[in-house]
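Fold and geometry: a report
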Amino acid sequence: MPRTTSAAPRSADRPRAALAMTADAAAAVLDPAALASLGEVCDLAQGPALDDFSTERARDVLADTEILVTGWGCPPLDAAALAAAPRLRAVVHAAGSVRGHITEACWERGIVVSSAAAANALPVAEYTVAMILLSGKRALESARSLRAGRRRPDVLATPRDVGNFGRTVGILSASMIGRRVIELLCPYDLEVLLHDPYVSDEDAALLGVRSVGIGELFTRSDVVSVHTPLLPATHGLVSRELIGAMRPDAVLINTARGAVVDQDALTEAAVQGRLRAVLDVTDPEVLPPEHPLWTCDNVTITPHLAGSLGNEWGRLAELAVAEVARWASGAEFAHPVRRERLAHLA
């Protein structure tokens, strides 16, 4: 039975490693430089990444694999897959959530798991802050109006409720991304409120925000940014009642998951012009072509692009290589995923 410690065997031999993700994910995240860096700290199996653990090649590769570097599209590491990988003791996920492939069988085996969620949180937080500031200036709406050929408004006639000085921003959930948003908002002249039932008033104060109930968050905020993971307890958390309690012309930003929000209620409020929205996620993704949110001038929909993309994949690769190097040296992961925390993670 493999050991359950997070330390790799201390020997002159580098650990045997393999990639498990789609070919597209491997090509996107692990460029030649990243693969070269990975090859310096482990003995990486040659050939394409594994995307099906039931093939003969996969069984041959898994037989000797001690650490898997996984990514988007990795198949579930269920009992059958683990039976083919008797030496596997660690998984480093070069992406965010591990829910799609880390199973109970992994925890029962004692396999240790790391994730690049911390690296993926930064671009989501940057997107969120950008949208908070742009919505405060009504930049997105103004750009659409200008493109439509409407007359440029008189700047000196701008209403007093436009701008970012002294606005109130509500953060729903001090998740990893929520905390990065709070951190990035620090330099701005904003009041930041937080609702998270797992964060005490004292801990919120240490973050530089004020903890409030969920009702107060929605009634007081000019912008509410949703960062709670989609769990059974959070499905539809942003309810019709909360949406109805938002200030007129307030903004709802969602970079979490579409199903956290009552989308029918949001659609009604947006179509009526009562509030504005910036949605990087919807339910479903993608919305049907006839959905009324597409034609709302007060709604911006982006194609789930807030997370890492393009050159930002380099952060994921760097973190993954560093975690493999730590494990190979006998150290614990810097970014472990704990079994007992799964109920609160995306």
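Above: the structure in question.
This text gives an overview of the structure that appears in the document. (Residues numbered from 1 in each chain as written. Predicted model: local features only at pLDDT ≥ 70, side-chain atom pairs only at ≥ 80, totals over all residues. Heavy atoms only, no water.)

**Quick notes on the overall build of the chain**
Summing up its helical and strand segments, the chain has 13 helices and 12 strands in all. C-alpha atoms of the chain, sized along the principal axes, occupy 70 × 45 × 35 Å. Going through the 346 residues of the chain one by one, you find that 50% of them count as buried. Residue pairs in contact within the chain that sit at least 24 positions apart in sequence constitute 67% of those at least 6 positions apart. (Helix = DSSP H or I, 4+ residues; strand = E, 2+ residues; numbered from the N terminus. Buried < 20%, exposed > 50% of the residue type's maximum accessible area, 1.4 Å probe, protein only. Contact = heavy atoms within 4.5 Å.)

**Describing the nonpolar core**
Within the largest apolar cluster, 28 residues are counted, with the highest numbers of intra-cluster contacts made by Leu19, Met21, Leu30, Leu38, Ile67 and Val324. Looking at this core, the elements with two or more residues in it are strand 1 (16-20), helix 1 (23-29), helix 2 (32-41), strand 3 (67-70), strand 4 (90-93) and helix 13 (313-329). Per-element accounting of this core gives the leading share, 7 residues, to helix 13. Setting aside residues up to four positions removed in sequence, leucine 38 forms contacts with Leu19, Leu44, Val69, Val321 and Val324. With 27 residues, the next largest nonpolar core counts Leu217, Val226, Ala270 and Val299 among its residues. (Core = buried A, V, L, I, M, F, W, Y, C linked by side-chain atoms within 4.5 Å.)

**Comments concerning the environment of phenylalanine 218**
Summarising the element assignment, phenylalanine 218 is placed in helix 10 (residues 214-220). Look at phenylalanine 218 and you get buried, because its relative accessible area is 0%. For the pair phenylalanine 218 and alanine 245, spaced 27 residues apart in the sequence, the C-alpha separation amounts to 6.3 Å. Setting aside residues no more than four positions away along its own chain, phenylalanine 218 makes contact with Leu172, Val224, Val238, Leu242, Ala245, Met246, Arg247 and Leu252.

**As for the pattern of salt bridges**
Two side chains with opposite charge may pair up if their charged atoms get near one another. For the coordinates displayed, the defined rule picks out 14 salt bridges. A salt bridge links arginine 339 to glutamate 104, with the nearest nitrogen and oxygen atoms 2.5 Å apart. Within this pair, whereas arginine 339 is found in the segment after helix 13, its partner glutamate 104 is found in helix 5 (residues 104-109), the two being separated by 235 residues in sequence. For glutamate 104, a relative accessible area of 44% puts it in the partly exposed group. Between glutamate 216 and arginine 210 there is a salt bridge, with the nearest N and O atoms lying 3.0 Å from each other. Residue classification places glutamate 216 among the partly exposed positions, given a relative accessible area of 31%. Here the salt bridges do not stand alone but share partners, grouping Arg138, Glu141, Asp161, Asp249 and Arg276 into one network. (Salt bridge = Lys/Arg side-chain N within 4 Å of Asp/Glu carboxyl O.)

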